[in-house]
Structures are given as C-alpha cells and as structure tokens.
Amino acid sequence: MVFSTDTGNHKPDLEKNGEPIPLKVAPLETSVHMGKEPHENGVNGSAKHDPPEKKFEIDYGFGDELTRPPLPVKEHVKNCCRSCFSLDTLKSRFPIITWLPQYNLFKMQCDIIAGITVGLTVIPQSLAYAGIAGLPPVYGLYSSFICTFVYTLMGSAKDITIGPSAIASLITASFATSVSPTLPNGDKDATLAILLSFTTGLIFIAMSALKLGIIVSYISLPVINAFSSAAAITIAVSQIKTLLGLKGIPNDFIDSLNEIGKKLYLTNVWDLTMGMTCIVVVVLLKKLREIKWKNNPDKPPSMGVMLLRKCIFISGASSTAIVVILAAIVLYILETNGIHAITPTGKIKPGMPDFQPPKFDIHIGNLTVTTAEAFAKLGAGIGIVPIICLIEAMSVGKYFARVNQYKLDPTQELLAYGIGNILTSFFQGYTITGTFSRTAINAQCGVKTPLGCILTGVIVIISLFFLTPLFYYIPKCALAAVIIAAVLAMVDFTTIKMIYKANKLDLLPYAITFICTLVIGIQWGIFVGIGVSLFILLYPISRPKILFSSQQGFFIVTPTHGLTFPGAEFLEIKALDKALEVEKPNNVILNMEHVSNIDFSAAQSLRSLIVECEFHGMKLILAQAQKRVRRQLKIAKIANLVLVKTIQDAIDKFSKPSMDSHEFEVPPPNENNGADDAFIMSRL
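Looking only at helices and strands, one finds 27 helices and 14 strands in the chain. Across the 684 residues in the chain, those meeting the buried criterion constitute 45%. Taking the contacts inside the chain whose residues are at least 6 apart along the sequence as the reference set, 78% of them involve residues at least 24 apart. Here the chain displays about 35500 Å² of accessible surface, and carbon together with sulfur accounts for 62% of that area.

Attention now moves to helix α26 (residues 627–636). Owing to its 3.6 residues per turn, the α-helix aligns residues three or four sequence positions apart on the same side. Taken residue by residue, α26 has Val629, Arg631, Gln632 and Leu633 as its buried positions. Check the buried side of α26 and you find it contacts α25 (600–615), β12 (620–623) and β13 (643–644). Directly after α26, the chain includes Lys637, whose backbone phi takes a positive value near 55°.

In this structure the tally under the stated criterion is 20 aromatic pairs. An angle of 85° between the planes, with centres 5.1 Å apart, marks the rings of Tyr332 and Tyr473 as edge-to-face. Here Tyr473 lies in the loop between α19 (452–471) and α20 (476–488) and Tyr332 lies in helix α14 (residues 319–336), a separation of 141 residues in the sequence. Residue classification places Tyr332 among the partly exposed residues on the basis of a relative accessible area of 41%. Ring pairing ties together the aromatic residues Phe145, Phe198, Phe355, Phe360, Phe375, Phe426 and Phe427, which thus form one cluster. Above the face of the Tyr500 ring, Lys504 is positioned so that its terminal group lies 4.7 Å from the ring centre.

What follows deals with the pattern of salt bridges. In this structure the tally under the stated criterion is 2 salt bridges. Between Asp159 and Lys158 there is a salt bridge whose closest N-O contact spans 2.9 Å. A residue is classified by how much of its surface remains accessible, and Lys158, at 23% relative accessible area, is partly exposed. With a shortest N-O distance of 4.0 Å, Lys262 and Glu259 are connected by a salt bridge. Of the two residues, Lys262 and Glu259 both sit in helix α11 (residues 253–262), 3 residues apart, roughly one turn of that helix.

Before going further, it helps to examine the nonpolar core. Counting 99 residues, the largest nonpolar core has Leu127, Tyr151, Ile235 and Tyr417 as the members making the most contacts within it. For this core, the element with the most residues is α20, which contributes 10 residues.

Okay, the pairing of strand β10 (residues 554–559) next. Extensive coverage of β10 is indicated by the burial of 6 of its 6 residues. Of the two faces of β10, the one lined by Phe554, Ile556 and Thr558 and the one lined by Phe555, Val557 and Pro559 are each fully buried. Note: strand β9 (residues 546–551) against β10, 6 bridges, orientation antiparallel. Residue pairing in the sheet places Phe548 in a bridge with Val557 of β10.

Our next topic: helix α6 (residues 146–154). The buried fraction of α6 is high, at 7 of 9 residues. What α6 keeps buried is the set Ile146, Cys147, Thr148, Val150, Tyr151, Thr152 and Met154. In this structure, the buried residues of α6 make contact with α2 (87–93), α3 (96–99), β5 (162–163), α17 (410–426) and α19.

Checked against the element boundaries, Ser256 lands in helix α11. The contact partners of Ser256, leaving out residues within four places of it in the chain, are Val237, Ile249, Pro250 and Asn251.

Positive charge collects at one region of the surface, where Lys627, Arg630, Lys634 and Lys645 lie side by side. By the element assignment, Lys645 lies in the loop between β13 and α27 (647–654). Classification of Lys645 as exposed rests on a relative accessible area of 69%.

A few words on the environment of Asp492. Relative to the helices and strands, Asp492 is located in the loop between α20 and α21 (494–502). Residue class for Asp492 comes out partly exposed when judged on its relative accessible area of 26%. Along the primary structure Asp492 and Ala226 are separated by 266 residues, whereas in three dimensions their C-alpha atoms are 8.2 Å apart. Not counting the four nearest positions on each side in its chain, Asp492 is found in contact with Ser229 and Tyr510.

Calculation notes
- Residues numbered from 1 in each chain as written.
- Predicted model: local features only at pLDDT ≥ 70, side-chain atom pairs only at ≥ 80, totals over all residues.
- Heavy atoms only, no water.
- Helix = DSSP H or I, 4+ residues; strand = E, 2+ residues; numbered from the N terminus.
- Buried < 20%, exposed > 50% of the residue type's maximum accessible area, 1.4 Å probe, protein only.
- Contact = heavy atoms within 4.5 Å.
- Areas by Shrake-Rupley, 256 points an atom, 1.4 Å probe, with all protein chains shown as cover.
- Phe/Tyr/Trp six-rings, centres within 6.5 Å; stacked < 30°, edge-to-face > 60°.
- Lys NZ or Arg CZ within 6 Å of the ring centre and 35° of its normal.
- Salt bridge = Lys/Arg side-chain N within 4 Å of Asp/Glu carboxyl O.
- Core = buried A, V, L, I, M, F, W, Y, C linked by side-chain atoms within 4.5 Å.
- Pairing = 2+ DSSP bridges.
- Patch = residues over 30% accessible without salt bridge, like charges linked within 9 Å, V, L, I, M, F, W, Y side chains within 5 Å.
- Lys, Arg positive; Asp, Glu negative; His and termini not counted.
- Charge placed at Lys NZ, Arg CZ, Asp CG, Glu CD.

Rendered as structure tokens:
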C-alpha cells in the first residue's frame, strides 16, 4: 500500500469536536496527497513551482491493513440511516418513482391493451392452476390480484407478470396440499399452502437483503431448459385425468400414467371431446398473434386496417379466455336442456377474501395440527419452493430483459416477489412467482411499464365480485385443455441440437435433469441437475491441467489454474510422481505464475511436497509467485520454503557444475501432438 504524508510544518488536526477524524487511505498501488497539490503555474498563479513531495512505501504484508479509528455508535447509526433513507435507495426500492414522471398517453394506451389482455388470460389460468395445486378454484383468483399491485410499485421489469404459475402450483401440491388434512366437503385445507406462501416471501426478502439472486448464475441453461421441459410434461400428464373425466389419479408422472392406464375404460367421452376441441381451438387462436403483416412502404395501412389487425392480435393473445367462455356457453346450454354429461367447475365463493394473517395451526373438528407439526409437514418445501420459484422467475425475467434490451435487478425482483408472497398469504393466496405464458403475452402486446399489472389485478377483483356465479359453468376439461396448451409451449427439444453443437458435455446435465424430474419428481429433479452441473464445473478445479518440462537439470511443474483445496493434493501427488520417474531425481521448480491465490489446504500440500522432495534428495523451489501468494506463503510459515522471483533465478542459484553431465531430459514429444519445449500435459 502506498501513501504519502504532508511534509509541511503545520500540525494536522487529529480531532474535531472531540472526535477523531478518520484517516483516508488510498487504494492499493495508488497514492494520496494529504498536503496541498502543486499548482500548474506555481502557488496562486506565480511561476514558482512547489517542491516535489516526499513519498515512502510501507508493505504490511497480506491481510494487514491500516487501522482506522473506530467510529462511534452514533455515527454508525447516522450513516446507516442516510444510506437507507436516501433518494437513491428510495428509487431503487420503488422503481415507479423513476419511470412514472416520463409516463405519457402512448405508454398508457399500450399498458391498457396489455393489462386487459393479460387480465382475460389470468382468470381461466388461475382457476386451472388452483386445480394443479390441489385447491378449490377460487384460491387461484385469491393469488392473482394483490401481487400485481406490489409489482407495479416495486418491479424492475416492464414485461413480467406475477401470480400463480403451473410449476409453482405443482410444487405447492407436492409440499403443502398433499400433506394437508381434508375438509368435510372433500376439499383440501388451504392453511399449509397459504403458510408456504408466507415463508417463501420471508425467504425471498432475506435473499434480497443478502443479495443472493446471484445463485441463479450457478444454474446452467441446459439444466433450466431440461427442468422446464420435464415439468411441463409432468403438468400436462397430470391434467389428462381431468381431460378424460377420471378421478383418484395422483399428480406424479409415473404413478399417474399407471393409474390412467388402469382406469382408461372409465373415460367420460363428453369431457374428452370437449377438452380435445378446446386444445385445438386454443392452439389455432394462438397462431393469430404470430401473424406477420406485410405493409406497402409507399402506402401505409389505414386506421381501420390497423384497428382490425389489433383486434386479431388481441383475439390470439386472449385465446384461453375466448375458449373458456365458449365452453361455458356450451355447458350452460346443455345444463338448461337437462344434459348433465360434462363436469362443471362448480360453485365458487363470491367476493374478496378475508384480510388476515396466515394461520400457523389447523383446527378441523377434532383434528388439531400445531404450529410445530405444520412446519414439520412442510419440511424441505420451506427451502425448496423458494429456490424453484426463484429459478422460474429469474429465467423468465432475464429472457425478456435480454430480448427487449433492458436491465433486470435480481435483488429488487426478490424483494418484490417476497412482499408479493407475504401480502398474497394475507389474502388467502398461495405461492406466486413470475409466469412465462402471461409475460410473453404482456411483451407481445407492447407493454411499456409495469402499470399494466394494475389493470390485470382490477379485472381479477371485478371477477371475484361479479363473475363467480358464471364460473360454475366453466367445464373442468376446458381448464385442463387451457393448462395443457399453455405448458406444451414450454417443452423445448430444439435446444438439444444447439447444445450438441456447442458443447456435447452439456448434454449430460440436460439428460439427467430431464429424466430425474420425470421419474423422481419435479421438486428434486432440478437439484440433481444442479449437482451434476456443479460437478462438471468443479472437476477442472479438482483435477487441474499441469505442464511438466525440464530445463538445465531442473524438473519444472507448471499448474495452469489456481491452486485451491480441491486440486492441491492432486498437484502434490502428480508432481512428486513425475519427478521420481527419472533415473536420478533433480531439483523441482514449481512455477506459480498462474496461481493468484492459495488456501490453507494448498499451503499444507506444499508443506508436504517440500518434505517429500527432501526425503528423496530433491529441493522444491517456488518461482514466479505473485505478490499476494508470496504473502500467503510467508504467513503459512512453511519450513524450508524457498521462494525466488524467476525460474532462471532458481536455476542460477541452485545449479551445480557437476549437474551439467547429469541433466534430466524428458523424452521428445510426438511430432503430431503439436507440443514444444518438451511439455507434457497431465490430467488425472
């Protein structure tokens, strides 16, 4: 660390108002002039130049820093308050403060169209996703409105829409609903699902405070793509039972296929016909939003043509709402004519949910589940559900941020999702996250700001107050068709070809993630894939490439990567084995030019290697170590440690005249391998 002091005669004021003034320290390899700076033309513009200041260097060694006088507690509190309540902090926590002043009528028009379109989509999807979660349909609506208002205030991405998703609903069923007690009317109690939303929100907020959104960077794209595709297939298969009108079918992929095969003869033909028709119509209507209109550059389209095109696009974007409405009309006609062949959704409780904190225990008749038992039932889901929701949200957000060229703030997104989940639990909703299908619709509608989310939330509230009696006539098979059509778009097998061309090794975590998600379960498959991906990432660190060469009777070992605990012992073993392969052992030079840091395990391995070399009559010399590494080695206090600046210094210092006739020579490399200077690459 380099710094300078003022050589003038004045005495620096070490205290001000009775408090010590902190000494400002320059960054590493820079200087701080604590006296007066010389003027360009002398003092006060004169031709006289100030004498050059005297500087001196002090090298404290690794980990040694210039100690600052401790700040009083009062000063710490003041600094913390200034940081927390500054305008910049307020803008980062509430991005609406930044974009709202630039809001205009054009942006409002785009946001209104997007908000209404997404609102028409979210109602049937929420009713359907609640079924995936194993809850009554109304809980899907409870989960879909308050979070949209939170995201408008705190979201950092213009395209994202949050609410219940297919994957979040499935893991809610796995960890909460499946272990919940059954109510007298046959429905599952929603207490654990609501509690899971609350705990997920708390974990999101904690992750935001600790800036842990970076953990998504450790999950490779092949793992995310494989997980999404396998989860989509699992969800689609779980809806086949509804499409066929079957009951008593589990949600797990393998078990559901077995049970469906056994009960296939009980298929409700009416439900199957209606469901398949809905799938076909949804797929065809979605094609309308993909139409690319060709305009004549000499004659722009008229206002009527533009309006017609916009209506066609909105029809394609609102395909789920259109199909559900048409299916409900068909069911209503059949019901009024005494034909009760298609299974309806059933009665839905009208009105807003009660605003109350989530319950931590359950009381149903004589059954009581205490708080401890409730958390025990949730078990690993308390940690797994936030991770999976984070993966889904960040993958969606980063994709659309990259496509539409804006920056996504993971820390702020975590905070928005956290508060959204907590408030959703107060309105009796279950876990929410970013959704891919509705976000895609939002982006295609040309949304400009998160303000479009408000309209989506308002539409859900209106439906709770006024439309719930009509929801009775929505066929369950139509909701299943909506889900199947939505999740099948998430299945992406084209990525396999690109992965194969880019890096064949990435096919391994892709295949393992895909298979495990289907076979083991959606809640565990992603973590198996992450583990395999991290193993592939860490393998080069644990088995680093090492170059071996000889020069003037010295055996030179050059690790091409850093030296840390996974690879330190490997280097120790390989270096000693290669050095002992020669007829007469020679001194060993460890070239440290590529090593920027060592840890305790690496230091112990070097200590052991020095002892082993001495035992076999050799000397280990460390050359070209960086300054930081030299400091770390000195702190480790390794006995008989020899450090030199360059390889040539080691050769000059430790060469003997008698060694010239006994130089160690490495066999010449194969002419076809392209190696030179007798370098040998080793990897265990």
